[in-house]
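Structural overview
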Amino acid sequence: MKLTLYYAPIACSLVPLITLNESGAPFDVHTVLLAKGQQKTPEYLKLNPKGKVPALAIDGDVLTENVAILSWIAGQFPERHLLPTEPRAAAKALSMMAFCASGIHPHLGRANAPLRFCDHPGSEDATRRLAIDEVLKAFAVVNDQLVGQTWACGSQWSAVDAYLFWVWRRAGQLKIDLSAFPALNAHGARMGERDSVKKALAFEAETLAKAA
Ligand SMILES: N[C@@H](CCC(=O)N[C@@H](CS)C(=O)NCC(=O)O)C(=O)O
């Protein structure tokens, strides 16, 4: 089976990159430089009409959306236990991934580029502030869920942790004050110790250096 991850540095395609590293499966990475608009080229839009990363080509068949990609990776490599399979635990993992995708990530997008969401003159700061408020509310919920447990789903690492790591890291990059979330910050530090994460971040640094 041939796997190609369409990936952009800094972007949420870090989540499947970490998860693929955890899977142990061989895969290729095709870099899409968002700053250069490579996600909007006719070639890329043919592959993923949404014009977004990540996309995962599985023997040429393209899968998009982090939640779907992570679910597929976990299902394809069951021996790596990348997501819980017991029905209630699986649903809770899905719930947390969905929250990252729809309850946190869109607000990070607004905090990063407010004018893409509201171009009313003078609204930029207010749009960013409101987006950050939503991120902080969401992180308070996640932080409470993490208290007393090592990983998002309990004692076993899962792909949910890769997703949580990315939203946390992205918020930090956007200079959002995360000091009120010690459990989430500790989770981020634990993630930084994993080989899969170190490898993904080294790849990101290398990709950014090449693109400069
Ligand atoms: N719902 C999608 C979101 C994908 C997404 O928004 N990706 C961003 C990077 S974090 C992107 O490709 N942005 C490029 C653009 O909007 O032009 C998922 O979870 O995979």
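The following paragraphs examine the structure supplied in this document. (Residues numbered from 1 in each chain as written. Predicted model: local features only at pLDDT ≥ 70, side-chain atom pairs only at ≥ 80, totals over all residues. Heavy atoms only, no water.)

1. What about the site of the ligand?
The environment of the ligand is formed by 14 residues, the closest being Gln39, Lys52, Val53, Glu65 and Asn66. Here an oxygen atom of the ligand sits 2.7 Å away from a polar atom, N or O, in the side chain of lysine 52. Between the ligand and the protein, one listed contact pairs an oxygen atom with a side-chain N or O atom of tyrosine 163 at 3.4 Å. Burial of the ligand by the protein amounts to 83% of the accessible area it has alone, namely 520 Å². When atoms are counted within 2 Å of each cavity's grid points, the one that captures over half of the ligand is the largest pocket. Among the residues making up the shell around the ligand, the classes are represented as six nonpolar, four polar and four charged. Each of domain 1 (3–80 + 196–211) and domain 2 (87–194) contributes no fewer than three residues to the shell around the ligand. (Near = heavy atom within 4 Å. Polar contact = N/O pair within 3.5 Å; in protein donor to acceptor, adjacent residues only side chain to side chain. Areas by Shrake-Rupley, 256 points an atom, 1.4 Å probe, with all protein chains shown as cover. 1 Å grid on protein atoms, 1.4 Å probe; cavity = no way out; pocket = protein on both sides within 12 Å on 5 of 7 lines; lining within 4 Å. Sits in = over half its atoms within 2 Å of the grid points. Nonpolar A, V, L, I, M, F, W, Y, C, P; charged D, E, K, R; others polar. Domains from an automatic or database assignment.)

2. What to know about the nonpolar core
By size, the foremost hydrophobic cluster in this structure holds 52 residues, and its most contacted members are Ile18, Leu56, Leu108, Phe139, Leu164 and Val167. Here the element with the most residues in this core is helix H6 (residues 159–173); it accounts for ten residues. Three or more residues apiece are contributed to this core by two domains, here domain 1 (3–80 + 196–211) and domain 2 (87–194). The contact partners of isoleucine 18, leaving out residues within four places of it in the chain, are Trp157, Ala162, Phe165, Ser196, Val197 and Ala200. Core analysis: the second largest hydrophobic core is formed by eight residues, Tyr6, Ala8, Val32 and Ala55 among them. (Core = buried A, V, L, I, M, F, W, Y, C linked by side-chain atoms within 4.5 Å. Buried < 20%, exposed > 50% of the residue type's maximum accessible area, 1.4 Å probe, protein only. Helix = DSSP H or I, 4+ residues; strand = E, 2+ residues; numbered from the N terminus. Contact = heavy atoms within 4.5 Å.)

3. Things to note about the environment of glycine 154
With respect to the secondary-structure elements, glycine 154 resides in the loop between helix H5 (124–146) and H6. Note on glycine 154: relative accessible area 16%, which makes it buried. In the structure, glycine 154 is positioned 65 residues away from alanine 89 in sequence and 9.6 Å away in space, judged by C-alpha atoms.

4. Looking at the layout of surface pockets
Estimated volume of the largest pocket: approximately 980 Å³. In terms of lining residues, the largest pocket is bounded by 37 residues, among which Ala11, Cys12, Leu34, Lys52 and His105 are the most central. Residue assignment for the lining of the largest pocket shows that the elements contributing at least two residues are helix H3 (66–76), helix H4 (87–112), H6 and helix H8 (195–211). The dominant element in the lining of the largest pocket, judged by the number of residues it contributes, is H4, at seven residues. Among the residues making up the lining of the largest pocket, the classes are represented as 21 nonpolar, eight polar and eight charged. By volume, the second largest pocket is sized at about 210 Å³. Pro84, Ala89, Lys92, Ala93, Ser95, Met96, Phe99, Val141, Gln145, Gln149, Ala152 and Cys153 are the residues that line the second largest pocket. The set of elements that each furnish at least two residues to the lining of the second largest pocket consists of H4 and H5. (Points joined across faces, edges and corners; volume = space filled by probe spheres on them.)

5. A look at the environment of serine 95
Here serine 95 shows up in helix H4. In this structure the C-alpha to C-alpha distance between serine 95 and valine 160, which are 65 residues apart in sequence, comes to 9.6 Å.

6. Here we look at the sheet that holds strand S3 (residues 55–58)
Ordered by their spatial adjacency, four strands build an open sheet running S2-S1-S3-S4, and the pairing between neighbours is mixed. The sheet is open, and its two edges are formed by strand S2 (28–31) and strand S4 (61–64), each paired on a single side. The mean angle between the axes of side-by-side strands here comes to 25 degrees, regardless of whether they run parallel or antiparallel. Of the strand pairs in this sheet, S3 and S4 are connected by four bridges, and their pairing is antiparallel. What sits directly across from isoleucine 58, in S4, is aspartate 61. Across the face of the sheet, helix H1 (residues 14–23) comes into contact with strand S1 (3–7), S2 and S3 while running at roughly 150 degrees to S1. (Pairing = 2+ DSSP bridges. Axes fitted to C-alpha atoms, helices over the stretch in contact; angles between N-to-C directions.)

Bear in mind that shape data such as this cannot, by itself, settle questions of function.
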